[in-house]
Amino acid sequence: MKKLIIITIISLTLFSCQQMTSLHSDKTLTKKIETKFKSKSETIDLTKLNSFEWKELLILGPYSMIDNVEKKLNLDLENIKVNGIEYIDSVNLLVFIKDGKSIKISEVSREIGDFVDLGKIIEKRNAKFIKTENGKNKLAE
């Protein structure tokens, strides 16, 4: 009985530590991003998001499998695995990356349009998007 209690306490402690290190969608950042995409501007420039330091952007669409993306792109996405993008179809997940690790995430509503360039690393200097006629957002070239 004593061993069972100790094992339970250790398990709960490890689980709660994982939850504390998990990233959650930054509501202020999400509002900023969605406002940019809802504007009348044809081009949306995310390179000017400078309230935190980031180097790359990864956009994950609905039902993206974090484990697969992590392996394919050789990234550390451990802190976003509890996000739920694998099961959600109402948002795209914008993952901001620094040194190969996710540092901030934003759950952006699909009402602003879907993204064409899903699942690939976008350097900060290239994080500019154009709204297409069919409601998609694609990288500006």
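Up top you'll find the structure we're talking about.
Analysis parameters
Residues numbered from 1 in each chain as written. Predicted model: local features only at pLDDT ≥ 70, side-chain atom pairs only at ≥ 80, totals over all residues. Heavy atoms only, no water. Buried < 20%, exposed > 50% of the residue type's maximum accessible area, 1.4 Å probe, protein only. Helix = DSSP H or I, 4+ residues; strand = E, 2+ residues; numbered from the N terminus. Arc of directions from axis to C-beta. Contact = heavy atoms within 4.5 Å. Expected span 1.5 Å × (residues − 1). Polar contact = N/O pair within 3.5 Å; in protein donor to acceptor, adjacent residues only side chain to side chain. Pairing = 2+ DSSP bridges.

K.L.:
Please set out helix 3 (residues 66–73) residue by residue, giving values where relevant.
P.N.:
Looking only at helix 3, the buried set comprises Ile66, Val69 and Glu70. The arc enclosing the buried residues of helix 3, seen along the axis, measures out at 100 degrees, which places them on a common side. Within helix 3, the exposed residues directed more than 90 degrees away from the buried face are Lys71 and Lys72. Those residues of helix 3 hidden inside the fold are in contact with strand 2 (56–60). Looking at the residues trailing helix 3, positive phi occurs at Asn74, about 55 degrees.

K.L.:
Hey, could you go over the environment of Asp26 for me, with residue numbers and the actual values?
P.N.:
Inspection of the secondary structure puts Asp26 in the loop between helix 1 (2–21) and helix 2 (27–38). Taking the C-alpha atoms as reference points, Asp26 and Ser106, 80 residues apart in sequence, are found 5.5 Å from one another.

K.L.:
Describe helix 2, and please don't skip the residues or the numbers.
P.N.:
Over its 12 residues, helix 2 extends 16 Å from the first C-alpha to the last, a length consistent with the 16 Å expected when each residue adds 1.5 Å. Along helix 2, the residues classified as buried are Leu29, Thr30, Ile33, Glu34 and Phe37. Summarising the axial view, the buried residues of helix 2 lie within an arc of 125 degrees, below the 170-degree limit, and thus occupy one face. Helix 2 presents Thr28, Lys31 and Lys38 as exposed residues on the side facing more than 90 degrees away from its buried surface. The N-cap residue of helix 2 is Asp26: its side-chain oxygen and the backbone nitrogen of Thr28 are 3.1 Å apart.

K.L.:
Let's hear about the sheet that holds strand 5 (residues 114–115): which residues, and what values?
P.N.:
Within the open sheet, the 4 strands sit side by side as 1-7-8-5. Their pairing is mixed. The open sheet has two edge strands with one neighbour each: strand 1 (43–45) and strand 5. Pairing between strand 1 and strand 7 (residues 128–131): 3 bridges, direction antiparallel. In the strand pairing of strand 7, Thr43 is matched with Ile130.

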